[in-house]
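Topology and contacts: notes
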Amino acid sequence: MRTDLYHISPTVNNESIERRGVDPTYSLGKLQTMYYVDEKRLFWAMLHISRRHQCPIDQLTVHVLPLYRKDMIKTGLDGVYRSNLPLFPASREPATNFVTKDPFEAALNAFDR
(Lines give C-alpha, C1' and ligand atoms only; values in the text may rest on other atoms or scores of the structure.)
Protein backbone atom coordinates (compact mmCIF):
# COMPACT_ATOMS: atom_id res chain seq x y z
CA MET A 1 0.00 0.00 0.00
CA ARG A 2 1.30 3.40 -0.93
CA THR A 3 1.54 6.20 1.56
CA ASP A 4 2.43 9.85 1.19
CA LEU A 5 5.99 10.66 2.16
CA TYR A 6 7.34 14.19 2.10
CA HIS A 7 10.58 15.79 0.96
CA ILE A 8 11.32 19.34 2.09
CA SER A 9 13.60 21.65 0.14
CA PRO A 10 14.20 25.38 -0.36
CA THR A 11 11.74 26.85 -2.83
CA VAL A 12 14.59 27.94 -5.13
CA ASN A 13 15.06 24.22 -5.95
CA ASN A 14 11.52 23.76 -7.32
CA GLU A 15 12.45 24.18 -10.99
CA SER A 16 15.29 21.65 -10.73
CA ILE A 17 13.07 19.15 -8.90
CA GLU A 18 10.39 19.62 -11.56
CA ARG A 19 12.93 18.68 -14.28
CA ARG A 20 15.09 16.07 -12.54
CA GLY A 21 13.02 14.85 -9.60
CA VAL A 22 14.37 14.73 -6.07
CA ASP A 23 17.88 13.78 -7.20
CA PRO A 24 20.46 12.49 -4.68
CA THR A 25 23.35 13.88 -6.74
CA TYR A 26 22.32 17.31 -5.41
CA SER A 27 22.50 16.21 -1.78
CA LEU A 28 24.41 18.53 0.56
CA GLY A 29 24.86 15.84 3.21
CA LYS A 30 27.63 13.34 3.82
CA LEU A 31 25.72 10.68 1.87
CA GLN A 32 24.51 11.02 -1.72
CA THR A 33 20.93 10.32 -0.68
CA MET A 34 17.64 12.13 -0.23
CA TYR A 35 15.47 12.02 2.86
CA TYR A 36 11.71 11.65 3.14
CA VAL A 37 9.46 11.82 6.18
CA ASP A 38 6.00 10.67 7.09
CA GLU A 39 3.32 13.04 8.35
CA LYS A 40 4.39 12.69 12.00
CA ARG A 41 7.90 13.96 11.20
CA LEU A 42 6.87 16.70 8.77
CA PHE A 43 7.17 19.67 11.13
CA TRP A 44 10.46 18.39 12.54
CA ALA A 45 11.81 18.05 8.98
CA MET A 46 10.77 21.61 8.10
CA LEU A 47 12.63 22.93 11.16
CA HIS A 48 15.67 20.81 10.34
CA ILE A 49 15.85 21.94 6.69
CA SER A 50 15.22 25.55 7.67
CA ARG A 51 18.25 25.44 9.99
CA ARG A 52 20.41 23.37 7.62
CA HIS A 53 19.83 25.66 4.64
CA GLN A 54 19.54 28.83 6.73
CA CYS A 55 16.23 29.90 5.23
CA PRO A 56 12.88 30.64 6.86
CA ILE A 57 10.03 28.14 6.65
CA ASP A 58 8.14 30.44 4.26
CA GLN A 59 10.94 29.80 1.74
CA LEU A 60 10.55 26.01 1.89
CA THR A 61 8.47 23.69 -0.28
CA VAL A 62 6.99 20.36 0.75
CA HIS A 63 7.07 17.82 -2.09
CA VAL A 64 4.52 15.03 -1.76
CA LEU A 65 5.47 11.58 -3.05
CA PRO A 66 3.13 8.57 -2.89
CA LEU A 67 5.62 5.78 -2.15
CA TYR A 68 5.83 2.30 -0.73
CA ARG A 69 7.66 2.45 2.59
CA LYS A 70 9.06 -1.01 1.92
CA ASP A 71 10.96 0.44 -1.07
CA MET A 72 12.63 3.07 1.07
CA ILE A 73 15.78 2.74 3.20
CA LYS A 74 15.00 3.11 6.91
CA THR A 75 17.08 5.49 9.00
CA GLY A 76 17.66 5.50 12.74
CA LEU A 77 14.69 7.84 13.28
CA ASP A 78 11.10 6.62 13.26
CA GLY A 79 9.25 8.13 10.29
CA VAL A 80 12.41 9.15 8.39
CA TYR A 81 13.37 7.31 5.22
CA ARG A 82 15.90 7.77 2.44
CA SER A 83 16.44 6.82 -1.18
CA ASN A 84 19.48 6.83 -3.44
CA LEU A 85 17.32 7.06 -6.59
CA PRO A 86 15.80 10.17 -8.20
CA LEU A 87 12.07 10.26 -7.38
CA PHE A 88 9.43 12.53 -8.88
CA PRO A 89 6.89 14.25 -6.61
CA ALA A 90 3.18 13.99 -7.35
CA SER A 91 2.57 17.50 -5.99
CA ARG A 92 4.10 20.29 -3.96
CA GLU A 93 2.91 22.95 -1.55
CA PRO A 94 4.51 25.82 0.35
CA ALA A 95 5.65 24.63 3.77
CA THR A 96 3.52 27.32 5.40
CA ASN A 97 0.38 25.47 4.22
CA PHE A 98 1.30 22.57 6.49
CA VAL A 99 2.31 24.68 9.48
CA THR A 100 -0.97 26.57 9.55
CA LYS A 101 -3.15 23.43 9.35
CA ASP A 102 -2.67 22.63 13.03
CA PRO A 103 0.42 24.31 14.51
CA PHE A 104 -0.15 22.88 18.01
CA GLU A 105 -0.24 19.28 16.79
CA ALA A 106 2.70 19.92 14.43
CA ALA A 107 4.78 21.27 17.30
CA LEU A 108 3.99 18.23 19.44
CA ASN A 109 4.92 15.85 16.59
CA ALA A 110 8.19 17.67 15.98
CA PHE A 111 9.49 16.41 19.31
CA ASP A 112 7.79 13.00 19.34
CA ARG A 113 10.54 10.39 19.19
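This part covers the layout of surface pockets. Estimates place the volume of the largest pocket at around 760 Å³. Considering the residues around the largest pocket, the lining is formed by 31 residues, among which H7, M34, Y35, I49 and H53 are closest to the centre. Elements with a minimum of two residues in the lining of the largest pocket: β1 (3-10), α1 (14-20), β2 (34-37) and α2 (42-53). Here the lining of the largest pocket gets six residues from one element, more than from any other, and that element is α2. Partitioned by chemical class, the residues of the lining of the largest pocket number 17 nonpolar, eleven polar and three charged.

With that settled, the discussion passes to unusual backbone geometry. Phi at Q54 is positive, roughly 50°, even though this residue is not glycine. Here Q54 lies in the loop between α2 and β3 (60-67). In this structure Q54 comes out as exposed when scored by relative accessible area, which is 75%.

The rules behind these values
Residue positions within a chain follow its written sequence, with the count starting from 1. For a predicted model such as this one, the threshold for reporting local features is a pLDDT of at least 70, and the threshold for listing and counting side-chain atom pairs is 80 or more; totals across whole chains, interfaces and linings nevertheless cover every residue. Only hydrogens and water are set aside when side-chain values are computed; all heavy atoms of the structure are taken into account. Of the two site types, the cavity is a set of points on a 1 Å grid over the protein atoms alone where a 1.4 Å probe fits but cannot get out, and the pocket is an open set with protein on both sides within 12 Å along at least five of seven lines, each lined by residues with an atom within 4 Å of a point. Grid points are joined across faces, edges and corners, and a volume is the space filled by probe spheres set on the points. Every helix listed is a DSSP run of H or I at least four residues long, and every strand listed is a run of E at least two residues long, numbered separately from the N terminus. Residues are grouped as follows: nonpolar covers Ala, Val, Leu, Ile, Met, Phe, Trp, Tyr, Cys and Pro; charged covers Asp, Glu, Lys and Arg; every other residue, Gly included, is treated as polar. Only protein chains enter the accessibility calculation, which uses a 1.4 Å probe; a residue whose area is less than 20% of its type maximum is buried, one above 50% is exposed, and one in between is partly exposed.

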